[in-house]
Amino acid sequence: MTTETTFFQSGNITVTNARFIVGGQTFAMRGITSVQGVRTPASYGVSGLVMMIGAGVAAGGFLNSLVGLVIIGVVILAAGIWLATRQKPTFAVVLRTAGGEVTAYQSKDSSCISQIIDALNESIVSHG
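What counts, and where the lines are drawn
Residues numbered from 1 in each chain as written. Predicted model: local features only at pLDDT ≥ 70, side-chain atom pairs only at ≥ 80, totals over all residues. Heavy atoms only, no water. Helix = DSSP H or I, 4+ residues; strand = E, 2+ residues; numbered from the N terminus. Rg over C-alpha atoms; globule rule 2.2 N^0.38 Å. Buried < 20%, exposed > 50% of the residue type's maximum accessible area, 1.4 Å probe, protein only. Patch = residues over 30% accessible without salt bridge, like charges linked within 9 Å, V, L, I, M, F, W, Y side chains within 5 Å. Areas by Shrake-Rupley, 256 points an atom, 1.4 Å probe, with all protein chains shown as cover. Salt bridge = Lys/Arg side-chain N within 4 Å of Asp/Glu carboxyl O. Expected span 1.5 Å × (residues − 1). Contact = heavy atoms within 4.5 Å. Phe/Tyr/Trp six-rings, centres within 6.5 Å; stacked < 30°, edge-to-face > 60°. Pairing = 2+ DSSP bridges. Axes fitted to C-alpha atoms, helices over the stretch in contact; angles between N-to-C directions.

### Let's talk about the overall build of the protein chain
So, step 1. What the protein chain contains, in helices and strands, is three helices and seven strands.
So, step 2. Relative to the compact-globule value of 14 Å for 128 residues, the protein chain shows a C-alpha radius of gyration of 23 Å, a clear excess of over 25%.
So, step 3. Seen along its three principal axes, the alpha-carbon backbone of the protein chain occupies a region of about 80 × 25 × 20 Å.
So, step 4. The buried share among the 128 residues of the protein chain stands at 28%.

See the structure below:
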């Protein structure tokens, strides 16, 4: 009987020499040919829209000499900038198998993704 070695365990994620368990999915380590970390840039759609609305309102107030409207526009613009600074990229663990490629896990925490990838690589190497 072979002993299962755990390389990483946190919450609902476990990496052993035999399995990668994430949420309700289990991947057999023998079927994984490579592991990759992928970074997806943050989406600025909503914050960009808010900034454009704020700039438009402020410009409209300026053109019509309405100080109150300029102030409201600047506040909306500032809110859009604040939202944009809060956006973070998404990081993912992508597995390659003989059957194709699958995104197994995503997080905004790059450190967690790095730890999972390191553990998966250790597990792959342990098979020799």
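Don't stop here, the text continues.
### Examining a nonpolar patch on the surface
So, step 1. Taken together, the side chains of Leu49, Met52 and Ile53 make up a nonpolar region of the molecular surface, amounting to roughly 310 Å² of accessible area.
So, step 2. Along the chain, the position of leucine 49 falls in helix H1 (residues 45-63).

### Quick look at H1
So, step 1. With 19 residues, H1 ought to run about 27 Å at 1.5 Å a step, and its terminal C-alpha atoms sit 27 Å apart, in line with that.
So, step 2. Residues of H1 that are buried sit in contact with helix H2 (67-86).
So, step 3. Two residues or fewer past H1, serine 65 is found with a positive phi of approximately 55°.

### A closer look at the packing of aromatic side chains
So, step 1. Here the structure, examined in full by the defined rule, presents one aromatic pair.
So, step 2. Plain terms: the ring middles of phenylalanine 20 and phenylalanine 27 are 5.8 Å apart, the flat faces sit at 25° to each other, and that makes the pair stacked. By the burial criterion, phenylalanine 20 is buried, and phenylalanine 27 matches it.

### Overview of the sheet that holds strand S1 (residues 6-10)
So, step 1. The antiparallel open sheet is built from four strands, whose spatial order is S1-S2-S3-S4. Of all the strands in the sheet, the pair left with one neighbour each is S1 and strand S4 (25-28). Neighbour to neighbour, the strand axes of the sheet diverge by 5° on average, direction disregarded.
So, step 2. Set on the sheet, helix H3 (residues 110-126) makes contact with S1, strand S2 (13-16) and strand S3 (19-22); between it and S1 the angle comes to about 155°.

### Brief notes about unusual backbone geometry
So, step 1. If you check the backbone angles, serine 65 has positive phi at about 55° while not being a glycine.
So, step 2. Tracing the backbone shows serine 65 in the loop between H1 and H2.
So, step 3. When its relative accessible area of 63% is taken as the criterion, serine 65 is described as exposed.

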